[in-house]
Amino acid sequence: LSYAGDALETFARIKAAAEGDWLPFQTHLITRLGAPFGANWNTYAEADLPLFAVLGGLSRYLGMFATANLALLGAHLAAALAFYGVARLLRARIEWALAGAALYACSNYFFFRSFAHFSLVLAWTVPLALLATWLVAGGQRLLARHRWLIFGTALALGMGSPYYLFAFLQLMALAWLWQVLGTRRRENLVVGAEAIGLALAVFVVLNAPQWLARLRDQQLDPIVRDYRGTELYALKPLEMLVPPAGHRADWLAMFGRRYERWSFGRIEGYSPYLGLAGIASVVLRGGVALRRAAARRAARLPAPFWQMIWILLFASIGGLGNVLAFFARLQVFRATNRFSVFILALALIFAVLWLSRHLRRWPRWVSIAAAALVLVAGLWDQVPVPLTPAQRAVVVERVRGDQQMGRWLESQLPAGAMVFQLPVLGFPEVPAPGTMRDYEHFRPFLATSDLRFSYGALKNRARGKWQQELEKLPVPDLVRELEAAGFSALYVNARGLPGGAKPFLEKLAAAGYHPDFDGPKRVQTIVRLRPAGQPHLPLARGPTGGRGWVNNVGGPDWPSRAEGPAW
């Protein structure tokens, strides 16, 4: 479905897990990356690490791409099953529970994220998280019967995306407060507190190795978050109403194109789109609330209504999330637009329950026909237009070209041979030069099984600085240093070098080195080198600024000053 950008990083995680380098409670030294030292990912984010270990094991038998497709399909099915189970538990009719489940699992949010943001597609926990908070906030009978469902949900959330865990902790705290201010049922308060403690405990246990590694490591963090990102990635309520510019209906796509022209700071702009069914459900939820308020029954508005209000107040741009990021520097959760999936689930669950209740007096076939009509209209709106044959051919050509390159490399180079990659790029989240996209340097890693590559070392690290220095050398000196360090080949991505790498390859030819392999459209070129018999490890000539240094933005790479203890 995707073989570019962030999807390549997801594939790389599966590949590393399959090779035993990306597993829970183990040192995360990716031995085939960051050559010659290996890529130390011990301080890198580890969401859904147990699941990636499972996917890595499956990929050894099914292949990486079949495993990825099955994983993505499984994520959609799990979301549908979770929604259906919650709706049925709350007494929704079968037809409406099925319709709501399909609309939730096939929402624009899931398709927009896709395999590039696989951890976010694992939103099957969201309906269960909402149910858990409602059980704590309210019902006695359901709480007694389903307390283990609450604990199981907390366990899953602790292992999954930190964004979903963060939202769950907020909503569970609100449910706990709802009980304190209301009936003060001791069992509910205890279960709510235990669920919060369990989710946090699982999260801490899985992430403790990373945190301990960061405490020992005085280098700059590989992922840097600032306040600016909390505004760029904040939930913009309008975006929940704007269809994608690629919508199958031109009269709806027109709004997306207009938003692209008129908006400022649009990032992940189509992810929050709720779909026509989701928008109608939000309007229905608001209309019922207004009716109750007009009848002076606002005090009886249920907890889910206040949860929706809370998410909007917290996640929207300029909301409480931005306040905490600005004053308390809590900017690690910068992309609060991802909380829109909770609003979608809240609205759809309310809609299926309301429709089940109000159509109960009608003949059953009327309810079934109405649910089918809503489902068809919703799927027509939400499911994206399939790739055209030409677009699919581009993906196929890229993958097959990489597989051909991988076979050539492994047939020409000895096992364990090292390949230096140009242009030099850090990892992760480093803007690629030219027309390259981020993470493209993972492609030869994905296509081979016994070669080592220079890409993959975490950015802002002393271990990778030698690569940056080497890249600036004249071509003859660059080749000489690489051969002395034991590199057997040079990999060149033409999209990331000036002039499509032609000037660089001409200088290589003048030094006596010619391309030995050219990929499709000569984007990827391999040049064999003559590694030294007794290579030496490369060493950076200049120091690297660690924690405490303030970078001179727009100036030289060397940090200009420190505002306290610095390394």
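For the structure, check the block above.
These figures come from a predicted structure and were not determined experimentally.

Cut-offs and rules
Residues numbered from 1 in each chain as written. Predicted model: local features only at pLDDT ≥ 70, side-chain atom pairs only at ≥ 80, totals over all residues. Heavy atoms only, no water. Patch = residues over 30% accessible without salt bridge, like charges linked within 9 Å, V, L, I, M, F, W, Y side chains within 5 Å. Areas by Shrake-Rupley, 256 points an atom, 1.4 Å probe, with all protein chains shown as cover. Salt bridge = Lys/Arg side-chain N within 4 Å of Asp/Glu carboxyl O. Helix = DSSP H or I, 4+ residues; strand = E, 2+ residues; numbered from the N terminus. Buried < 20%, exposed > 50% of the residue type's maximum accessible area, 1.4 Å probe, protein only. Core = buried A, V, L, I, M, F, W, Y, C linked by side-chain atoms within 4.5 Å. Contact = heavy atoms within 4.5 Å. Pairing = 2+ DSSP bridges. Axes fitted to C-alpha atoms, helices over the stretch in contact; angles between N-to-C directions. Parallel < 35°, antiparallel > 145°, perpendicular 65-115°, else oblique. Nonpolar A, V, L, I, M, F, W, Y, C, P; charged D, E, K, R; others polar.

**Things to note about a nonpolar patch on the surface**
Link 1 in the chain: A cluster of nonpolar side chains, contributed by Trp-178, Trp-306, Ile-309, Leu-313, Leu-320, Val-323, Phe-326 and Phe-327, occupies part of the molecular surface with about 790 Å² of accessible area.
Link 2 in the chain: The greatest single-element share of the nonpolar patch, amounting to four residues, is contributed by helix α16 (residues 320–327).
Link 3 in the chain: Counting through the fold element by element, Trp-178 comes out in helix α10 (residues 162–181).
Link 4 in the chain: With relative accessibility at 34%, the residue Trp-178 sits in the partly exposed group.

**Points about unusual backbone geometry**
Link 1 in the chain: Put simply, Ala-35 and Pro-36 share a cis peptide bond, and its omega is 5 degrees.
Link 2 in the chain: Unlike most non-glycine residues, Arg-329 shows phi in positive territory, near 60 degrees.
Link 3 in the chain: Along the polypeptide, Arg-329 turns up in the loop between α16 and α17 (340–358).
Link 4 in the chain: Taking relative accessible area as the criterion, Arg-329 reaches 66% and is therefore assigned exposed.
Link 5 in the chain: If you check the backbone angles, Lys-521 has positive phi at about 60 degrees while not being a glycine.
Link 6 in the chain: When you line up the elements, Lys-521 lands in the loop between β6 (517–518) and β7 (524–528).

**Looking at the nonpolar core**
Link 1 in the chain: Membership of the largest hydrophobic core comes to 124 residues, with the highest contact counts inside it found for Trp-41, Tyr-104, Tyr-164 and Phe-168.
Link 2 in the chain: Not counting residues within four places of it along the chain, the set of residues in contact with Phe-168 comprises Ala-129, Ala-132, Thr-133, Ala-154, Leu-157, Ala-195 and Ala-199.
Link 3 in the chain: Counting 23 residues, the second-largest nonpolar core is a separate cluster that includes Phe-487, Leu-490, Val-527 and Leu-529.

**Describing the pairing of strand β5 (residues 487–493)**
Link 1 in the chain: Burial analysis of β5 places seven of its seven residues in the buried class, the great majority of the element.
Link 2 in the chain: When strand β3 (residues 418–422) meets β5, the two strands line up parallel, connected through five bridges. Bridge pairing in β5 links Gln-421 to Tyr-491.
Link 3 in the chain: Alignment of β5 against β7, held across five bridges, turns out to be antiparallel. The partner of Tyr-491 across the bridge, within β7, is Ile-526.

**A closer look at the packing of helix α4 (residues 94–105) against helix α18 (residues 364–382)**
Link 1 in the chain: In the contact formed by α4 and α18, the axes pass within 9 Å of each other and the chain directions differ by 5 degrees. When the interaxial angle is binned, α4 and α18 end up roughly parallel. Every residue of α18 that contacts α4 at Ile-94, Glu-95, Trp-96, Ala-99, Ala-102 and Leu-103 is listed here: Arg-364, Ser-367, Ile-368, Ala-370, Ala-371, Val-374, Leu-375, Gly-378, Leu-379 and Gln-382.
Link 2 in the chain: A class-by-class count of the residues in the contact of α4 with α18 yields eleven nonpolar, three polar and two charged.

The values reported here are purely geometric and, on their own, carry no functional implication.
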